[in-house]
Amino acid sequence: MAPPRIVIAKPGLDGHDRGAKIIARVLRDAGFEVIYTGLHQTPDQIVATAIQEDVKAIGLSILSGAHMGLFTKVLELLKETGASEIVVFGGGIIPEEDRQKLITMGVGEIFTPGAPTQEIVDWLKNSLKASI
């Protein structure tokens with residue numbers, strides 16, 4: 001069986017991609033197939049890539065403070081395109097109050113700075129029911 005495919009994306013104008021690259025590498029090393037989209041992606045580009053690449057999850061890295069709008073738009077586009085089964089998760093500097101709102105809206109999980117990478121791997125394996 002092929003490993004689950006994951007998109008890791010940096011939406012918006014934030015140019016700090018070290019965390020996204022680290023997560024992409026950690027997930028790859030854990031057995032996932034990772035597509036890193038690079039900097040300055042729009043929600044439309046991210047969802048189009050996810051659908052084209054037939055991924056099981058999208059991970060967004062947001063440090064700019066635009067997390068509420070960007071996550072909301074990605075979730076809306078997934079629903080509009082009939083791809084709402086794709087799991088959305090993220091990381092970045094996101095206040096706990098907003099984290100809870102995002103999870104209520106349908107984001108699977110939000111990991112803040114300092115989250116152990118193994119915790120992210122384990123959460124994703126469990127969420128996708130992946131045995132890799």
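Details of the structure are given in the entry above.
Basis of the calculations
Residues numbered from 1 in each chain as written. Predicted model: local features only at pLDDT ≥ 70, side-chain atom pairs only at ≥ 80, totals over all residues. Heavy atoms only, no water. Salt bridge = Lys/Arg side-chain N within 4 Å of Asp/Glu carboxyl O. Helix = DSSP H or I, 4+ residues; strand = E, 2+ residues; numbered from the N terminus. Buried < 20%, exposed > 50% of the residue type's maximum accessible area, 1.4 Å probe, protein only. Contact = heavy atoms within 4.5 Å. Pairing = 2+ DSSP bridges. Axes fitted to C-alpha atoms, helices over the stretch in contact; angles between N-to-C directions. Parallel < 35°, antiparallel > 145°, perpendicular 65-115°, else oblique. Left-handed = near helix turned anticlockwise from the far one by under 90°. Nonpolar A, V, L, I, M, F, W, Y, C, P; charged D, E, K, R; others polar. Phe/Tyr/Trp six-rings, centres within 6.5 Å; stacked < 30°, edge-to-face > 60°.

Asker: Break down the pattern of salt bridges for me, with residues and values.
Answerer: Counted according to the given criterion, the structure contains 8 salt bridges. Here Glu53 ties to Arg5 by a salt bridge, and the two come within 2.2 Å at their closest N and O atoms. With Glu53 in the loop between helix H2 (43-52) and strand E3 (57-62) and Arg5 in strand E1 (residues 5-9), this pair connects stretches of sequence that are 48 residues apart. A salt bridge links Glu96 to Arg99, with the nearest nitrogen and oxygen atoms 3.1 Å apart. Of this pair, Glu96 and Arg99 both sit in helix H4 (residues 96-105), 3 residues apart, roughly one helical turn.

Asker: Tell me about the environment of Ile86, and name the residues and values.
Answerer: Considering the arrangement of structural elements, one finds Ile86 in the loop between helix H3 (67-80) and strand E4 (87-92). For Ile86, a relative accessible area of 7% translates into the label buried. On a C-alpha basis, the gap between Ile86 and Ile6 in space is 9.5 Å, while along the polypeptide they are 80 residues apart. For Ile86, the contacting residues outside a window of four places in its chain are Ala50, Val55, Lys56, Ala57, Ile58 and Leu78.

Asker: Any chance you could break down the sheet that holds strand E5 (residues 109-111) for me, citing the residues and the numbers?
Answerer: Judged by pairing direction, the sheet is parallel, and its 5 strands sit side by side in the order E2-E1-E3-E4-E5 without closing on themselves. Looking at which strands have only one partner, the edges of the open sheet turn out to be strand E2 (33-36) and E5. Each strand axis lies, on average, 20° off the axis of its neighbour in the sheet, ignoring direction. With 4 bridges connecting them, E1 and E2 associate as parallel partners. Directly across from Ile6, in E2, lies its bridge partner Val34.

Asker: Describe the packing of helix H1 (residues 18-29) against helix H5 (residues 117-128), and please don't skip the residues or the numbers.
Answerer: Across the interface, H1 lies against H5 with an axial gap of 10 Å and an inter-helix angle of 60°. In terms of their interaxial angle, H1 and H5 are classed as oblique. H1 and H5 meet at a crossing whose hand is right-handed. Of the residues in H5, those touching H1 at Ile23, Val26 and Leu27 are Thr117, Ile120, Val121 and Leu124. Looking at side-chain class alone, the contact of H1 with H5 contains 6 nonpolar, 1 polar and no charged residues.

Asker: Mind laying out the packing of aromatic side chains, listing which residues take part and the relevant values?
Answerer: The tally for this structure, following the rule as stated, stands at 2 aromatic pairs. With centroids separated by 5.7 Å and ring planes inclined at 50°, the aromatic side chains of Phe89 and Trp123 adopt a geometry described as tilted. With Phe89 in strand E4 and Trp123 in helix H5, this pair connects stretches of sequence that are 34 residues apart. An angle of 75° between the planes, with centres 5.9 Å apart, marks the rings of Phe111 and Trp123 as edge-to-face. Of this pair, Phe111 sits in strand E5 while Trp123 is found in helix H5, placing the two residues 12 residues apart along the sequence. Accessibility assignment for this pair places Phe111 and Trp123 in one class, buried.

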